[in-house]
Amino acid sequence: DNKMIASQILNMPNDFELIFFGDNHEGNIASSRDNFMACVDYICSGKNRYGIHMGDACDAFWIDDWRYDSFTVKATPIEQRKTIVRLLTPMVKARRLITILKGNHEHALERKVGRFSEELCDMLRQTNSRLERNDWPLYGSFIHKLEFYSKTGSVMFKVWTTHGKLSITSVSPDPHRKRAYMQMRLKRILENKVGDCIAMVRGHNHLLLVTPPLPQLYLTTENGKIKQHYTHSFKEKVKASEYIPPEYRWYGCSGSFLRSQIIGEDTYPELAEYDPVELGYLRGIVSNRQFIRLEEVK
């Protein structure tokens, strides 16, 4: 079961970017394809940029789903999948797409039509024969752990990803308190899932959010003098095989490319009274084989 086995991503450069993107819901009239393709182009155009799709690539609703709306669905799920294959093929040919997670939308459809997401990845794999090697996973299931190895064969760091299911909300009227609570909620959802990953990222909520590590000050005495230290320095090497305390990790929610409102139609977010969302993705920065930062790209 590849949900329990970490995929080994081999021969990575010392410096690169990891782009966590997804929830584009192809087939929905509110899907922002221009912004989605701008993200794809960004990954393909730069040196050493790699993408991890966080799921819900397709809207995947059909007429027997209670969420189906004939006014907002532009194509059948099968047509949506063909379009996604076309849109992501440049990434696969350039060997920039590491994996695609299965979202809750695809999962709901698979109960009726079979392995929709896995077949999507099989179609993409056929566009690049070099992906037949086992060191380059494409289908990531709902949960996927990734181990990144350097060209010398040593593990650099590990990343835990899931599409996600639980909600991240706050009713606080104060924007500072609201963001702080959602950052805490994001960390609480993810921190106990695994113990050796420097970054833990989820999708699903159409929320662009990062909970960074917060180093804590402590004092010691050395040769009769008081010295200050911090519980963690981002420049220090974190050994990939060891337990990483939760407060040292990066946590992220990867945003979306589905607009909450469009002119002329009533979208699902409007009908559900959801607030407007920020379109975007997360960018992980790797320098000198260390995962040093996770940032929001709006």
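Residues numbered from 1 in each chain as written. Predicted model: local features only at pLDDT ≥ 70, side-chain atom pairs only at ≥ 80, totals over all residues. Heavy atoms only, no water.

### What to know about the overall build of the chain
Turning to step 1, where the next piece is worked out: Counting its secondary structure elements, the chain contains six helices and 13 strands.
Turning to step 2, where the next piece is worked out: Scaling as 2.2 N^0.38, a compact globule of 298 residues should have a C-alpha radius of gyration of about 19 Å, and the chain matches this with 20 Å.
Turning to step 3, where the next piece is worked out: If you line up the chain on its principal axes, its C-alpha atoms span 75 × 50 × 35 Å.
Turning to step 4, where the next piece is worked out: The 298 residues of the chain split such that 53% are buried. (Helix = DSSP H or I, 4+ residues; strand = E, 2+ residues; numbered from the N terminus. Rg over C-alpha atoms; globule rule 2.2 N^0.38 Å. Buried < 20%, exposed > 50% of the residue type's maximum accessible area, 1.4 Å probe, protein only.)

### Topic: the packing of helix 1 (residues 33–45) against helix 2 (residues 77–93)
Turning to step 1, where the next piece is worked out: Following both chains from N to C, one finds helix 1 and helix 2 inclined at 25 degrees, their axes separated by 8 Å at the closest point. Taken together, the axis directions place helix 1 and helix 2 in an arrangement best described as roughly parallel. Contacts between helix 1 and helix 2 pair Arg33, Phe36, Met37, Val40, Ile43 and Cys44 from the former with Thr83, Arg86, Leu87, Leu88, Pro90 and Met91 from the latter.
Turning to step 2, where the next piece is worked out: For the contact of helix 1 with helix 2, the per-class residue count stands at nine nonpolar, one polar and two charged. (Axes fitted to C-alpha atoms, helices over the stretch in contact; angles between N-to-C directions. Parallel < 35°, antiparallel > 145°, perpendicular 65-115°, else oblique. Contact = heavy atoms within 4.5 Å. Nonpolar A, V, L, I, M, F, W, Y, C, P; charged D, E, K, R; others polar.)

### Some points on the nonpolar core
Turning to step 1, where the next piece is worked out: If you look at the biggest cluster of nonpolar residues, it comprises 29 residues, and the most contacted ones within it are Phe21, Phe36, Leu88, Leu97, Leu124 and Tyr281.
Turning to step 2, where the next piece is worked out: Secondary structure elements with two or more residues in this core: strand 2 (16–21), helix 1, helix 2, strand 4 (97–100) and helix 4 (116–125).
Turning to step 3, where the next piece is worked out: Met12, Phe20, Met54 and Leu146 belong to the second-largest nonpolar core, a separate cluster that totals 27 residues. (Core = buried A, V, L, I, M, F, W, Y, C linked by side-chain atoms within 4.5 Å.)

### Brief notes about the pairing of strand 6 (residues 155–162)
Turning to step 1, where the next piece is worked out: Counting buried positions along strand 6 yields seven of eight residues, so the element is predominantly enclosed.
Turning to step 2, where the next piece is worked out: In terms of strand pairing, strand 5 (residues 143–150) meets strand 6 through seven bridges, oriented antiparallel. If you follow Phe148 over to strand 6, its bridge partner there is Phe157.
Turning to step 3, where the next piece is worked out: Linking two consecutive strands that pair antiparallel, namely strand 5 and strand 6, is a turn of four residues; a positive phi of about 95 degrees is found at Gly153 within it.
Turning to step 4, where the next piece is worked out: With four bridges connecting them, strand 6 and strand 7 (residues 199–202) associate as parallel partners. By the bridge assignment for strand 7, Thr161 is matched with Val201. (Pairing = 2+ DSSP bridges.)

### Let's talk about the sheet that holds strand 12 (residues 281–287)
Turning to step 1, where the next piece is worked out: One open sheet holds the five strands; their spatial order is 4-3-2-12-13, and the pairing between them is mixed. Whereas interior strands pair on both sides, the edge strands pair on one side only; in this sheet they are strand 4 and strand 13 (290–297). Mean inter-strand twist for the sheet, computed between neighbouring axes without regard to direction, equals 20 degrees.
Turning to step 2, where the next piece is worked out: Judged from the five bridges that link them, strand 2 and strand 12 form a sheet pairing that is antiparallel. Residue pairing across strands places Phe20 opposite Leu282, the latter belonging to strand 12.
Turning to step 3, where the next piece is worked out: Strand contacts of helix 1: strand 2, strand 3 (49–53) and strand 12, with the helix running at about 160 degrees to strand 2, the strand carrying the most contacts.

### Some thoughts on the sheet that holds strand 5
Turning to step 1, where the next piece is worked out: The mixed open sheet is built from six strands, whose spatial order is 1-5-6-7-11-8. The sheet terminates laterally at strand 1 (7–12) and strand 8 (208–211), the two strands that pair on one side only. Averaged over all pairs of adjacent strands, the angle between their axes in this sheet comes to 20 degrees, without regard to strand direction.
Turning to step 2, where the next piece is worked out: The pairing of strand 8 with strand 11 (residues 250–254) spans four bridges and is classified as antiparallel. Looking across to strand 11, one finds that Leu208 is bridged to Ser254.
Turning to step 3, where the next piece is worked out: Set on the sheet, helix 5 (residues 175–190) makes contact with strand 6, strand 7, strand 8 and strand 11; between it and strand 8 the angle comes to about 70 degrees.

### Side note on helix 5
Turning to step 1, where the next piece is worked out: When the terminal C-alpha atoms of helix 5 are compared, their 23 Å separation across 16 residues agrees well with the 22 Å that a helix rising 1.5 Å per residue should span.
Turning to step 2, where the next piece is worked out: For helix 5, every residue scored as buried is listed here: Met182, Gln183, Leu186, Ile189 and Leu190. Burial along helix 5 is one-sided: seen end-on, the buried residues are contained in an arc of 130 degrees. Across helix 5 from its buried face, at more than 90 degrees, point the exposed residues His176 and Arg177. (Expected span 1.5 Å × (residues − 1). Arc of directions from axis to C-beta.)

### As for the pattern of salt bridges
Turning to step 1, where the next piece is worked out: Taken as a whole and assessed by the stated rule, the structure comprises 19 salt bridges.
Turning to step 2, where the next piece is worked out: Across the pair Glu17 and Arg49 runs a salt bridge, and its minimum N-O distance is 3.7 Å. Here Glu17, found in strand 2, pairs with Arg49, found in strand 3; they are 32 residues apart in sequence, far enough to count as distant. Each member of the pair Glu17 and Arg49 is classed as buried.
Turning to step 3, where the next piece is worked out: The shortest N-O distance in the salt bridge between Arg188 and Glu191 comes to 2.5 Å.
Turning to step 4, where the next piece is worked out: Accessibility expressed as a relative area gives 47% for Arg188, which makes it partly exposed.
Turning to step 5, where the next piece is worked out: Residue Glu191 is classed as buried on the basis of its relative accessible area, which comes to 9%.
Turning to step 6, where the next piece is worked out: Salt bridges linked by common partners bring Lys145, Glu147, Lys158 and Asp196 together as one network. (Salt bridge = Lys/Arg side-chain N within 4 Å of Asp/Glu carboxyl O.)

All we've got here are geometric facts, nothing functional implied.
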